[in-house]
Structures are given as structure tokens and as C-alpha cells.
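# Residue-level structure breakdown
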Amino acid sequence: MEIPTKAMHQVAQVMSELVEPFDVTGGLTGETYHVRFSHLWVAISTRHSDTVDCKFLVNGRGVIVALAHPGYVLFHQRMGRRLSDREAAHIAAAYLRQCLQDDLVGDHTVLYLSPEEVLAWAERLGFL
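In this report, the structure presented in the accompanying data block is examined. (Residues numbered from 1 in each chain as written. Predicted model: local features only at pLDDT ≥ 70, side-chain atom pairs only at ≥ 80, totals over all residues. Heavy atoms only, no water.)

### Comments concerning the overall build of the chain
- A count of helices and strands for the chain gives three helices and five strands.
- Overall, the chain shows an N-to-C arrangement of helices and strands of β-β-β-β-α-α-β-α.
- Across the 128 residues of the chain, 40% fall into the buried class.
- Accessible surface, the chain: about 7700 Å² in total, of which carbon and sulfur atoms supply 54%. (Helix = DSSP H or I, 4+ residues; strand = E, 2+ residues; numbered from the N terminus. Buried < 20%, exposed > 50% of the residue type's maximum accessible area, 1.4 Å probe, protein only. Areas by Shrake-Rupley, 256 points an atom, 1.4 Å probe, with all protein chains shown as cover.)

### Topic: the packing of helix α2 (residues 85-101) against helix α3 (residues 115-124)
- Close contact between α2 and α3 brings their axes to 9 Å; oriented N to C, the two are set at 95 degrees. The angle between α2 and α3 falls in the class roughly perpendicular. Taken together, the residues of α3 that come into contact with α2 (itself represented by Ile91, Ala94, Tyr95 and Gln98) are Val118, Trp121 and Ala122. (Axes fitted to C-alpha atoms, helices over the stretch in contact; angles between N-to-C directions. Parallel < 35°, antiparallel > 145°, perpendicular 65-115°, else oblique. Contact = heavy atoms within 4.5 Å.)

### Remarks on α2
- Between its terminal C-alpha atoms α2 stretches 24 Å, which fits the 24 Å expected from 17 residues at 1.5 Å a residue.
- Looking only at α2, the buried set comprises Glu87, Ala88, Ala89, Ile91, Ala92, Ala93, Ala94, Tyr95, Leu96, Cys99 and Leu100.
- Where α2 terminates, the next one or two residues include Asp103, which has phi positive at roughly 55 degrees. (Expected span 1.5 Å × (residues − 1).)

### Description of the packing of aromatic side chains
- Enumeration according to the criterion identifies two aromatic pairs in this entry.
- Judged by centre distance (5.2 Å) and plane angle (65 degrees), the rings of Phe37 and Phe56 are edge-to-face. Of the two residues, Phe37 is situated in strand β2 (residues 32-42) and Phe56 in strand β3 (residues 51-58); the sequence distance between them amounts to 19 residues.
- What makes Phe56 buried here is its relative accessible area of 0%.
- Here Tyr95 and Trp121 contribute two aromatic rings whose centre-to-centre distance is 6.0 Å and whose plane-to-plane angle is 85 degrees, an arrangement assigned as edge-to-face. (Phe/Tyr/Trp six-rings, centres within 6.5 Å; stacked < 30°, edge-to-face > 60°.)

### With respect to the sheet that holds strand β4 (residues 61-68)
- Reading across from one edge, β1-β2-β3-β4-β5 is the order of the five strands in this open sheet, with mixed pairing throughout. This sheet does not close on itself; its edge strands, each paired only once, are β1 (22-25) and β5 (110-113). Neighbour-to-neighbour, the strand axes of this sheet turn through a mean angle of 30 degrees, independent of strand direction.
- Direction of pairing for β2 relative to β3: antiparallel, over a ladder of seven bridges. Its bridge partner being in β3, Arg36 is matched across the sheet by Leu57.
- Packed on one face of the sheet, helix α1 (residues 69-79) meets β3 and β4 and runs near 45 degrees to β4.
- The strands touched by α2 are β1, β2, β3, β4 and β5; relative to β3, the strand with the most contacts, the crossing angle is about 55 degrees. (Pairing = 2+ DSSP bridges.)

Function cannot be read off these values alone, since they describe shape.
Written out as C-alpha cells, the structure reads:
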């Protein structure tokens, strides 16, 4: 059996690079938030949640944006293709950006998007 070499595979992108780091200023507080995407994972086994969790570091503090998994199903039914990890990460980042601008994050460590919100943000970002 031939052992695969590096040349036989494309070099995988580092997950934390799916979304470029960004800064957001809170609309009411004027606080500047430095945001860095960390990673995503299926939360069914880790949090017993039917979501795909996207973790961000906001000023060094972990914040999870949980995308309802049924939203992926709705996306697939509508588009005939699967929502990519990159697209999911960008949906989560856009939602987090909006929440930070509106000063809605506060002490929350998990922000949740319903299936319909996942689809609506996908449409806003031009993925539909």
C-alpha cells in the first residue's frame, strides 16, 4: 500500500484562519472589542446541543455562537448543497459583530441562532 505524501494532498488551512480577526466598537458603550475566530465543532456530543458551535475570543474571553443544526438542513434543502465550515464561521462572525455593535453580548458566553436565523444570515451574506 502506498503511503500518502504531502505532495499528494493539498495543505489544509488552519481553522482559526477561516475568519480574519476584526475589531468592533459597541454602539452605546464605545468599547472596542478585538475578535479572533478560534474554531468550530459539532456540539451534539460536547454540550448535548443540536448546534454547530463557533468559538471566538472577544478581548481574550471565549464566546460561542451556536448555529442550530436544523438551519444547515434548511440551507441544504434550499440550495441543494451543504453549508461549508467557512460559510458557517462567517455567519457566526457577522452575527457576533452585530451583537457586539448593539452591546448585546455582555456576560453571555453562548449566543444562539435559530434555524431560521442561520438561513437569514446566510442570505444576508450572499450564500443563498
